[in-house]
Amino acid sequence: MQNDFSKGSVGRNILMQAIPLTIAQLIQLLYNVVDRIYIGHLPSADGLALTGIGLAFPLISLVSAFTNLFGMGGAPLCSISRGGGKNEEAERILGTTAWLLLVSSVAITAACYLFKKPVLYLFGASDQTYGYADEYLSVYLIGTVFAMVGQGLNYFINAQGFARFGMCTTLLGAVLNIILDPLFIFVFHMGIMGAAVATVISQAASAVWVVWFLTGKKAILRLRREYFRFDPQLFGRITALGLSSFIMSATNCVVQVTCNNTLRQYGSDLYIGVMTVLNSVRDIIMLPVSGITSGSQPVLGFNYGAGEYRRVRKGILFTLLLGSIYSLAAWMAVLCFPGFFMRLFSSDAATIKAGSEAMRIYFFGFIMMVFQFSGQSTFVGLGRSKQAIFFSILRKIIIVVPLTLLLPRMGFGVDGVFIAEPVSNAIGGGLCFLTMMLTVWRELGRKEREKAQ
């Protein structure tokens, strides 16, 4: 069998998936990060343009949430079916997921355009920043179909073991975005709108690449016309497993809205721009951890489906160890050089000063995030949707949101918004990993002993 994850070193299999995935995710980030860098350095914006982009984040997170609901729900099921030799079932999962991504993307685009203005003000926009957010989002939403289909189906390329091809998906779009961004922003003098146009064109190119690959001869599992339909039974299984990833992204939307409104209440529009930069830096430095855990999911799922429980446990330990080493190094870098990271995204002195102080607070205890990722990826990779959903809700909704609202009122001011993040990482991440060890880890050990007998 091609790309058989039950053979060879578990760590090597994970790394062979994780390295291209990390590169791919880094490239994926360039879609938005490059936009933020250019926009943050616009000479006439005084930081308000960056704040405007930050106001669009919750809607962008909502689009990602539905992409993950179907894409990250279907891909692990696909890995488990493939590991069990059920390729026809795996292709049915692929076809149903593709249908769900296409139909939902059209519905989301229509809804976003219909309620755009009231929603942006709900998200914390002021009369000074609404124009920037509206200008960017009005164009960006056109690419919703391309973004959801391209990213959502790319998970199935990775699930088949073609991580390099998955990397090429994002590489194609990111290179186009890097080339087109300065062209539309500065040469054609389109400003924020130009950044959105470049992003939409890049997303369209990536989506075409993904569909071409999954309908071609190189794919092990293909996107077939007879399976491109709504299957009620598969819909339930896909959404049940993808719900944790959906909630993680959807709760990001809730957290961003809460943060924006609280920062505006206790600070100013400036601090929304600071939070935009902090989110961007967090996305960048979390990439290797995310890549490692995402790379482990198809390996864990395949071995679990093949009954190789000892290899599953080895994969969990390898993921934790590698992620811990990296996250500790990343934490030290941010604590020592916050000004460097701020200057990447802004040349406004006030934004850099406020952001450097906030960054040291926001990233305190960053290493605890690896426990959240490790536990969460294990639950998702092995199809444990209920646990994955619970811990997604716990960290963001039960811990972060209340702390974001309460700490500023307790005398911490805007710092209270930034303190909420490390506290949630410690509590939520620790509980997620501990539960995984007490449930999944023990069960794997028991099945391993039973198999040996």
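See the structure shown above.
Within each chain, residue numbers correspond to sequence positions counted from 1 in written order. pLDDT decides what is reported in this predicted model: residues at 70 or higher carry local features, side-chain atom pairs at 80 or more are listed and counted, and totals for whole chains, interfaces and linings draw on all residues regardless. Heavy atoms throughout the structure, all of them, feed into the side-chain values; hydrogens and water do not.

I tried to follow the overall build of the protein chain on my own but got confused; where do I start?
When helices and strands are tallied, the protein chain shows 17 helices and zero strands. Burial classes: relative accessible area under 20% of the type maximum marks a residue as buried, over 50% as exposed, and values in between as partly exposed (1.4 Å probe, protein chains only). Taken over 453 residues, the protein chain has a buried fraction of 59%. Only carbon and sulfur atoms are counted for the fraction: they give 67% of the accessible area of the protein chain, which is about 17700 Å². If the 35 positive side-chain charges of the protein chain are averaged to one point and the 22 negative ones to another, these points end up 10 Å apart. Numbering of helices and strands starts at the N terminus; helices are DSSP runs of H or I of at least 4 residues and strands are runs of E of at least 2. Only the protein chains shown count as cover for residues, with accessible areas throughout obtained via the Shrake-Rupley method and a probe of 1.4 Å. A residue counts as positive if it is Lys or Arg and as negative if it is Asp or Glu; His and the chain ends are not included. The atom standing in for a charge is NZ when the residue is Lys, CZ when it is Arg, CG when it is Asp and CD when it is Glu.

Would you mind going over the side chain of Thr67 with me for this structure?
With respect to the secondary-structure elements, Thr67 resides in helix H2 (residues 48-83). Among the residues examined, Thr67 registers a relative accessible area of 1% and is labelled buried.

Would you mind showing me how to read the pattern of salt bridges here?
Opposite charge on two side chains lets them pair, provided their charged atoms get close. Salt bridge criterion: a side-chain nitrogen from Lys or Arg within 4 Å of a carboxyl oxygen from Asp or Glu. On inspection of all chains with the given rule, the structure shows twelve salt bridges. A salt bridge links Lys353 to Glu357; its shortest N-O distance comes to 3.3 Å. With Lys353 and Glu357 both in helix H14 (residues 349-362) and four residues apart, the pair spans about one turn of that helix. Residue Glu357 is classed as partly exposed on the basis of its relative accessible area of 49%. Two residues, Arg384 and Glu443, come together in a salt bridge whose shortest N-O distance is 2.9 Å. Taken together, the positions of Arg384 in the loop between helix H15 (369-381) and helix H16 (385-406) and Glu443 in helix H17 (residues 414-452) put the pair 59 residues apart, joining distant regions of the chain.

How should I be thinking about the side chain of Ser356 in this particular structure?
Mapped onto the elements, Ser356 comes out in helix H14. Counted as a polar contact is a pair of N or O atoms within 3.5 Å, where, for protein atoms, one must be capable of donating a hydrogen and the other of accepting one, and residues adjacent in sequence contribute only when both atoms are in side chains. Separated by 2.8 Å, the side chain of Ser356 and the backbone oxygen of Ile352 make a polar contact. In contact with Ser356, other than residues within four places in its own chain, are Pro338, Gly339 and Met342. Residue contacts are counted whenever heavy atoms from the two residues lie within 4.5 Å of one another.

Help me understand the packing of helix H11 (residues 287-305) against H15 in this model?
Geometrically, a packed helix pair is captured by the angle between its two axes and the distance between the axes. Two elements in contact, H11 and H15, have axes separated by 9 Å at closest approach and are oriented at 25°. Judged on the interaxial angle alone, H15 and H11 are roughly parallel. Every pair of crossing elements has a handedness; the one defined by H11 and H15 is right-handed. Across the interface between the two elements, Val289, Ser290, Thr293, Ser296, Gln297, Leu300 and Gly301 of H11 pack against Val370, Phe373, Ser374, Ser377, Thr378, Val380 and Gly381 of H15. Under the convention adopted here, Pro, Cys and the residues Ala, Val, Leu, Ile, Met, Phe, Trp and Tyr are nonpolar, Asp, Glu, Lys and Arg are charged, and Gly plus all remaining residues are polar. Residues that form the contact of H11 with H15 fall into these classes: five nonpolar, nine polar and no charged. Between the N-to-C directions of two axes lies an angle of 0 to 180 degrees, each axis being a line fitted to C-alpha atoms and, for a helix, fitted only over the stretch in contact. Should an angle fall under 35 degrees it is taken as roughly parallel, and over 145 as roughly antiparallel, whereas 65 to 115 is taken as roughly perpendicular and any remaining angle as oblique. Less than a right angle of anticlockwise turn of the near helix away from the far helix marks a crossing as left-handed, whereas a clockwise turn marks it as right-handed.

In this structure, what is going on with the packing of helix H9 (residues 232-266) against helix H10 (residues 269-285)? I would like to understand it.
Contact pair H9 / H10: the axes reach a minimum separation of 7 Å and the direction vectors enclose 145°. Crossing angle aside, the handedness with which H9 passes H10 is right-handed. Taking contact as the criterion, the partners of Gln256, Cys259, Asn260, Leu263 and Arg264 in H9 are, on H10, Asp269, Tyr271, Ile272, Met275 and Asn279. Grouping the constituent residues of the contact of H9 with H10 by class yields five nonpolar, three polar and two charged.

What is the right way to read unusual backbone geometry from this model?
Phi is mostly negative for residues that are not glycine, and the peptide bonds are mostly trans. Here the phi dihedral of His189 falls at roughly 55°; this positive angle occurs in a residue that is not glycine. On the secondary structure map, His189 appears in the loop between helix H7 (163-187) and helix H8 (191-214). Classification of His189 by relative accessible area gives exposed; the value is 69%.

I keep staring at the environment of Val145 and nothing clicks. Help me out?
Relative to the assigned elements, Val145 resides in helix H6 (residues 144-159). Sequence-wise, Val145 and Ile284 are 139 residues apart; in three dimensions their C-alpha atoms are separated by 25 Å.

Whenever I open this one, the environment of Met248 confuses me. Can you help?
Its place among the elements puts Met248 in helix H9. Between the C-alpha atoms of Met248 and Gly173, which are 75 residues apart in sequence, the distance is 25 Å. With sequence-adjacent residues up to four places away left out, Met248 is seen in contact with Gln376, Ser392 and Lys396.

Quick question: what am I supposed to make of the packing of aromatic side chains here?
Working definition: an aromatic ring pair is given by the centre-to-centre distance plus the angle between the planes. Two aromatic rings, drawn from Phe, Tyr or Trp (for Trp, its six-membered ring), form a pair once their centres lie within 6.5 Å of each other, and the interplanar angle then sorts them: stacked below 30 degrees, edge-to-face above 60, tilted otherwise. A full pass over the atoms with the stated rule returns 20 aromatic pairs. Measuring from centroid to centroid gives 5.7 Å for Tyr38 and Phe186, while their planes differ by 70°, and the two rings are edge-to-face. In this pair, Tyr38 sits in helix H1 (residues 10-40) while Phe186 sits in helix H7, placing the two residues 148 residues apart along the sequence. Summarising the aromatic geometry, the rings of Phe162 and Phe165 are spaced 5.9 Å apart at their centres and angled 80° between planes, so their arrangement reads as edge-to-face. Among the residues examined, Phe162 registers a relative accessible area of 14% and is labelled buried. Of the aromatic side chains, those joined through ring pairs into one cluster are Trp99, Phe230 and Phe235. Just above the ring of Tyr130 sits the side chain of Lys117; from NZ or CZ to the centre is 5.9 Å. For a Lys NZ or an Arg CZ to count as sitting over a ring, it must be within 6 Å of the ring centre and within 35 degrees of the ring normal. When the ring centre of Trp441 is taken as reference, the NZ or CZ atom of Arg313 above it lies at 4.6 Å.

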